[in-house]
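The primary structure of each chain is shown beneath.
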Amino acid sequence: MTTIAVLGAGKIGEALLSGLLDGGRDAASLLFTEKHPGRGAELSARYGVEAVSVPDAAARADVLVVAVKPQDIEPLLADLAPSLKPDTLVVSLCAGLPTSLYESRLPAGTPVVRVMPNTPMLVGKAMSAISPGAHAAEEHLALVEDLLSTVGEVARVPESQQDAVTALSGSGPAYFFYLVEAMIDAGILLGIPRDLAGRLIIQSAVGAAAMLDEGGQHPVILREAVTSPAGTTIMAIRELEKHGVRAALLAAIEAARDRSVELGKATEDR
Ligand SMILES: NC(=O)C1=CN([C@@H]2O[C@H](COP(=O)(O)OP(=O)(O)OC[C@H]3O[C@@H](n4cnc5c(N)ncnc54)[C@H](OP(=O)(O)O)[C@@H]3O)[C@@H](O)[C@H]2O)C=CC1
Ligand SMILES: O=C(O)[C@@H]1CCC=N1
């Protein structure tokens, strides 16, 4: 079985380990590296996966999944480059970082695949978008697709779209969590106890997501079906429009895209 090492088992690295194990992968085929020995020991105990050093991961794994913050990439690549085996596939989960950055720091010909996943990986419902670097062939893309399809859906996109994808689906779960949090607060405002407000809103979100996913109908049609003439929903929609919520979402997602571009540029400038 292919050995996979996750370099940086923080929020998304841990979500990947946990999602792969839930998807049936053998813990013996997984490795991870962590900066802090305490966290390494905690994760090993929780998942039964071995914590190793970066050079050990490079020596033993067929696939290295980079999951450190973009700001931490340079020391990691400097650590990795001398011990990397020629055919090792490098998979980057890092926002903004182009495959060309890895290609310029790692041995010539290293295959690199850029991925933008999201945290619903933890429950097997990730949306991941993948793009090949200059030396990644179909077999590499197929391997990454196979790996990530155990933790959710996978789409192939040109690398030029990855910053936009990061803003949409990479950060996307946070926008929905923010909305749910604000709607629960509205329940509190209306005098509903917090637990009940949470159940009302979360089950509405789950139901709406299932209709979007399974029903095949456009969101406008689904919203119109809730919006009765002179009813309650249209009064709420008028307030959302008055407060510029649609424009705020467009601006917010554009700002996230711009930040992804900036994170990539910051490494180019070093
Ligand atoms: N969180 C998310 O929803 C998503 C994140 N991503 C991307 O995933 C990457 C990680 O994000 P996230 O998980 O949120 O961040 P975290 O900070 O939670 O995780 C990164 C982990 O890597 C550790 N680390 C840093 N340098 C090294 C190193 N050289 N060797 C081993 N471990 C190291 C960090 O330790 P320490 O904290 O001590 O520095 C930390 O535990 C980012 O590049 C982000 O853009 C992509 C999609 C979604
Ligand atoms: O906020 C971030 O930078 C990362 C990338 C996408 C989701 N979280």
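Keep in mind that what you see is a predicted model, and the values were worked out from it rather than measured. (Residues numbered from 1 in each chain as written. Chains lettered and ligands numbered in written order. Predicted model: local features only at pLDDT ≥ 70, side-chain atom pairs only at ≥ 80, totals over all residues.)

Focus: the site of ligand 1
Thinking step 1. Taken together, 26 residues sit near ligand 1, with G8, G10, K11, C94 and A95 positioned nearest.
Thinking step 2. Looking at the shell around ligand 1 element by element, the count peaks at 3 residues for helix α1 (residues 11-22). (Near = placed C-beta within 6 Å. Helix = DSSP H or I, 4+ residues; strand = E, 2+ residues; numbered from the N terminus.)

A closer look at the UniProt feature "domain: Pyrroline-5-carboxylate reductase dimerisation" (unreviewed entry) in the protein chain
Thinking step 1. This chain's UniProt record puts "domain: Pyrroline-5-carboxylate reductase dimerisation" (unreviewed entry) on residues 159-263.
Thinking step 2. End C-alpha to end C-alpha, residues 159-263 measures 15 Å, and it is 83% helix and 0% strand. (UniProt positions renumbered as here; feature names shortened; annotations may be inferred.)

Some remarks on helix α8 (residues 172-189)
Thinking step 1. The terminal C-alpha atoms of α8 lie 26 Å apart, and with 18 residues this matches the ideal 26 Å at 1.5 Å per residue to within 8%.
Thinking step 2. Of all 18 residues that make up α8, 1 are buried, and the element is exposed over most of its length.
Thinking step 3. In the stretch just after α8, G191 is the one whose phi turns positive, near 85°. (Expected span 1.5 Å × (residues − 1). Buried ≥ 20, exposed ≤ 12 C-beta atoms within 10 Å, placed from the backbone.)

Notes on the sheet that holds strand β3 (residues 50-51)
Thinking step 1. Spatial ordering of the open sheet is given by β3-β2-β1-β4-β5-β6-β7-β8, a layout of 8 strands whose pairing is mixed. Single-partner strands in this sheet number two, and they are β3 and β8 (152-156).
Thinking step 2. Docked against the sheet, α1 engages β1 (4-7), β2 (30-33), β4 (63-66) and β7 (126-132), running at close to 165° with respect to β2.
Thinking step 3. The sheet strands contacting helix α7 (residues 162-170) are β6 (112-116) and β7, and the helix crosses β6 at an angle near 35°. (Pairing = 2+ DSSP bridges. Contact = placed C-beta atoms within 7 Å. Axes fitted to C-alpha atoms, helices over the stretch in contact; angles between N-to-C directions.)

What about the domain arrangement of the protein chain?
Thinking step 1. Taken domain by domain, the protein chain holds domain 1 (4-158) and domain 2 (172-260).
Thinking step 2. Of note, the centres of domain 1 and domain 2, computed from C-alpha atoms alone, are 33 Å apart. (Domains from an automatic or database assignment.)

Here's the deal with the UniProt feature "binding site: NADP(+)" (unreviewed entry) in the protein chain
Thinking step 1. As annotated in UniProt, the feature "binding site: NADP(+)" (unreviewed entry) corresponds to A67, V68, K69 and P70 in the numbering used here.
Thinking step 2. For A67, the residues in contact, after removing those within four places along its chain, are V6, L7, G8, G10, I12, G13, L16 and L93.
Thinking step 3. By the secondary structure assignment, P70 is in the loop between β4 and α4 (73-80).

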